[in-house]
Amino acid sequence: MTVVVCTYNRTKLLRTSLNALSIQSIRDRVQVIVVDDGSTEDTAGVVADYAVEFVALGTNRGLSAARNAGVARARGLLVAFTDDDVIVPPDWCEALMDAWDKAP
């Protein structure tokens, strides 16, 4: 599965969000992509502390463009989105995968 996190000038919030994603119960099965939508803050510096992929858009193009950029790099069969101000529970990815596996 792939989780795409889009961000724009919210590095303090992003760090907390990435901390939560880094302790997912199935972290070894999850690709995390952070898409920086043209921030003026040092998003790359924050992201460098995590085992995630980073996509930097040169200018602010909006949430849809940022999500599309993340999807373009996704390798997972299932793609989930979360925001840079969200702290997901430790089993969030696992619960999504379980629901996907049980779907008809």
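Residues numbered from 1 in each chain as written. Predicted model: local features only at pLDDT ≥ 70, side-chain atom pairs only at ≥ 80, totals over all residues. Heavy atoms only, no water.

A short note on the packing of aromatic side chains
Within the structure shown, the criterion is met by 0 aromatic pairs. For Arg67, the ring lying beneath its charged end belongs to Phe81, and the centroid distance is 5.1 Å. (Phe/Tyr/Trp six-rings, centres within 6.5 Å; stacked < 30°, edge-to-face > 60°. Lys NZ or Arg CZ within 6 Å of the ring centre and 35° of its normal.)

Topic: the nonpolar core
Met1, Val3 and Leu18 are the most contacted members of the largest nonpolar core, which totals 20 residues. Mapped onto this core, the elements with two or more residues apiece are β1 (2-7), α1 (11-22), β2 (31-37), α2 (43-47) and α4 (92-102). Broken down by element, the residue count for this core peaks at 4 residues, all from α1. Formed by 8 residues, the second largest nonpolar core is a distinct cluster that contains Cys6, Val55, Ala66 and Ala69. (Core = buried A, V, L, I, M, F, W, Y, C linked by side-chain atoms within 4.5 Å. Buried < 20%, exposed > 50% of the residue type's maximum accessible area, 1.4 Å probe, protein only. Helix = DSSP H or I, 4+ residues; strand = E, 2+ residues; numbered from the N terminus.)

Re the pairing of β1
Among the 6 residues that make up β1, 6 are buried, leaving the element largely enclosed by the rest of the structure. Covered by surrounding structure in β1 are Thr2, Val4 and Cys6 together with Val3, Val5 and Thr7, the residues of both alternating faces. Strand direction decides the pairing type here: β1 and β2, joined by 6 bridges, are parallel. Across the sheet, the residue bridging to Thr2 is Gln31, located in β2. Read from β1 through α1 to β2, the crossover connection turns out right-handed. In terms of strand pairing, β1 meets strand β4 (residues 79-83) through 5 bridges, oriented parallel. If you follow Val4 over to β4, its bridge partner there is Phe81. (Pairing = 2+ DSSP bridges. Right-handed = clockwise from strand over helix to strand, strands pointing away.)

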